[in-house]
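The lines below spell out each chain.
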Amino acid sequence: MTRNADRPTDPAAVTVSLAAEAAVLEGRLGVLREAIDEVDARISAVSERIRRLPGSVAAGGEGETAADEGSGTGLPPSSTGRP
């Protein structure tokens, strides 16, 4: 559907359209945040299993500090209380 360039745009209609789009995007953002939280939990569970493996470097005294820093990327783990 093309818009006629000669027809003026109705500000009320634009406002309603933008508000609806913002609501959709907020919903998607919530879904993405939940998915990220689930991935974080899975990473933590797998990391814990790896630490408990017999003979694992992470199970020894030297590897504990690296394992506690998150995913080993040097980045802190993400928080679950995102705004």
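What you see is a predicted model; the values in this text were computed from it and never measured.

(A) Representation of the overall build of the protein within the structure. A tally of helices and strands in the protein yields 2 helices and 0 strands. A total of 83 residues make up the protein; the buried ones form 6% of that total. Total accessible area on the protein is roughly 7100 Å²; 60% of this is exposed by carbon and sulfur atoms.

(B) Structural context of the pattern of salt bridges. In this structure the tally under the stated criterion is 2 salt bridges. We note a salt bridge from Arg-51 to Glu-48, for which the minimum N-O separation is 2.7 Å. Of this pair, Arg-51 and Glu-48 both sit in helix α1 (residues 11-52), 3 residues apart, which is roughly one turn of that helix. The salt bridge involving Glu-48 is made with Arg-52; its shortest N-O contact spans 2.8 Å. Here Arg-52 and Glu-48 lie together in helix α1, a separation of 4 residues that amounts to about one turn. You can call Glu-48 partly exposed: its relative accessible area is 30%. Classification of Arg-52 as exposed rests on a relative accessible area of 66%. What you see here is one network of salt bridges that share partners, running through Glu-48, Arg-51 and Arg-52.

(C) Spatial organisation of a nonpolar patch on the surface. On the surface, Val-46, Ile-50 and Leu-53 cluster together into a nonpolar patch covering about 250 Å² of accessible area. By the secondary structure assignment, Leu-53 is in the loop between α1 and α2 (64-67).

(D) Inspection of the confidence of the model for the protein at higher detail. When the pLDDT values of the protein are averaged, the result is 79; 59% of them are 70 or greater. Predicted confidence for residues 63-69 stays below pLDDT 50, and this span has 10 contacts to residues more than four positions away or in other chains.

Criteria and cut-off values
Residues numbered from 1 in each chain as written. Predicted model: local features only at pLDDT ≥ 70, side-chain atom pairs only at ≥ 80, totals over all residues. Heavy atoms only, no water. Helix = DSSP H or I, 4+ residues; strand = E, 2+ residues; numbered from the N terminus. Buried < 20%, exposed > 50% of the residue type's maximum accessible area, 1.4 Å probe, protein only. Areas by Shrake-Rupley, 256 points an atom, 1.4 Å probe, with all protein chains shown as cover. Salt bridge = Lys/Arg side-chain N within 4 Å of Asp/Glu carboxyl O. Patch = residues over 30% accessible without salt bridge, like charges linked within 9 Å, V, L, I, M, F, W, Y side chains within 5 Å. pLDDT = per-residue confidence, 0-100. Contact = heavy atoms within 4.5 Å.

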